[in-house]
Amino acid sequence: MKKIISLILTFFCIATLSAQPILKQKKEQIKALKVAYITEELQLTPDEASKFWPLYNTFEDRQKDYKKDKLKGYLNRIDPSTIDNLTEKEATAMLAQIEAAEEEAFQARKKFIASLKGILPANKIIKLKQAEEGFNRKLLKQYKEKLRN
């Protein structure tokens, strides 16, 4: 019995480790597609692109960290079945933490936009938000189509 369990665990570990490079490769492909999509939508000049992408990548990394560390951290601490059992004081404190984290993300976005004003004209900054949303819609649509097939 121990040998069977050991064999199953070994197989599971190998399967998990072999899937990680595939996921990393998919994330890199999506990132490359996003770069191409946004560059085309904004019609970035080479000079604009060389200044824009380092700022954008830094901003995106910070946003991912925010979502992973702060927001999910707050929400993962509470089991959905225990939310109803929180005291008003506990719920208010958690809500304040979530609001503070969201405010921090909003301030980071404002700072990012302010830094873009020295690089891009205002119309391209506005187009950036549209391009991000357009790319996400396109990606989601492709994912849904893949699930149907």
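Residues numbered from 1 in each chain as written. Predicted model: local features only at pLDDT ≥ 70, side-chain atom pairs only at ≥ 80, totals over all residues. Heavy atoms only, no water.

A.B. asks: I'd like to hear about the packing of aromatic side chains, residue by residue, with values.
C.D. replies: By the definition in use, this model includes 6 aromatic pairs. Pairing Phe52 with Trp53 gives two aromatic rings, centres 4.8 Å apart and planes at 75°, and the pair type is edge-to-face. Taken together, Phe52, Trp53, Tyr56, Phe59 and Phe112 form an aromatic cluster joined through their ring pairs. (Phe/Tyr/Trp six-rings, centres within 6.5 Å; stacked < 30°, edge-to-face > 60°.)

A.B. asks: Which residues make up the nonpolar core, and what values go with them?
C.D. replies: Counting 14 residues, the largest nonpolar core has Ile38, Phe52 and Leu128 as the members making the most contacts within it. The greatest single-element share of this core, amounting to 5 residues, is contributed by helix α2 (residues 46–76). Those residues in contact with Phe52 that sit more than four places away from it in its chain are Ile38, Leu42, Leu44, Phe112, Leu116, Ile119, Leu120 and Leu128. (Core = buried A, V, L, I, M, F, W, Y, C linked by side-chain atoms within 4.5 Å. Buried < 20%, exposed > 50% of the residue type's maximum accessible area, 1.4 Å probe, protein only. Helix = DSSP H or I, 4+ residues; strand = E, 2+ residues; numbered from the N terminus. Contact = heavy atoms within 4.5 Å.)

A.B. asks: Would you mind going over the pattern of salt bridges in detail, with residue names and values included?
C.D. replies: Applying the stated criterion across every chain, the model contains 6 salt bridges. Here Glu60 ties to Lys34 by a salt bridge, and the two come within 2.3 Å at their closest N and O atoms. Taken together, the residues span a long stretch of sequence, with Glu60 in helix α2 and Lys34 in helix α1 (residues 2–42) at a distance of 26 residues. We classify Glu60 as buried; its relative accessible area is 13%. As a salt-bridge pair, Lys129 and Glu133 come within 3.8 Å of each other at their nearest N and O atoms. With Lys129 and Glu133 both in helix α4 (residues 122–148) and 4 residues apart, this pair spans about one turn of that helix. The class for Glu133 is partly exposed, based on a relative accessible area of 37%. One continuous salt-bridge network, built from bridges that share partners, spans Lys31, Lys34 and Glu60. (Salt bridge = Lys/Arg side-chain N within 4 Å of Asp/Glu carboxyl O.)

A.B. asks: Break down unusual backbone geometry for me, citing the residues and quoting the values.
C.D. replies: Phi is positive for Gln43, close to 50°, though the residue is something other than glycine. Mapping Gln43 onto the fold places it in the loop between α1 and α2.

A.B. asks: Run through helix α3 (residues 88–116), naming residues and quoting values.
C.D. replies: Over its 29 residues, α3 extends 42 Å from the first C-alpha to the last, a length consistent with the 42 Å expected when each residue adds 1.5 Å. Regarding α3, the residues found buried are Met94, Ile98, Ala101, Ala105, Arg109, Phe112 and Leu116. (Expected span 1.5 Å × (residues − 1).)

A.B. asks: Could you give an account of a nonpolar patch on the surface, naming the residues involved and the relevant values?
C.D. replies: A surface patch of nonpolar side chains, amounting to about 330 Å² of accessible area, comprises Leu140, Tyr143 and Leu147. Along the polypeptide, Leu140 turns up in helix α4. Classification of Leu140 by relative accessible area gives partly exposed; the value is 45%. (Patch = residues over 30% accessible without salt bridge, like charges linked within 9 Å, V, L, I, M, F, W, Y side chains within 5 Å. Areas by Shrake-Rupley, 256 points an atom, 1.4 Å probe, with all protein chains shown as cover.)

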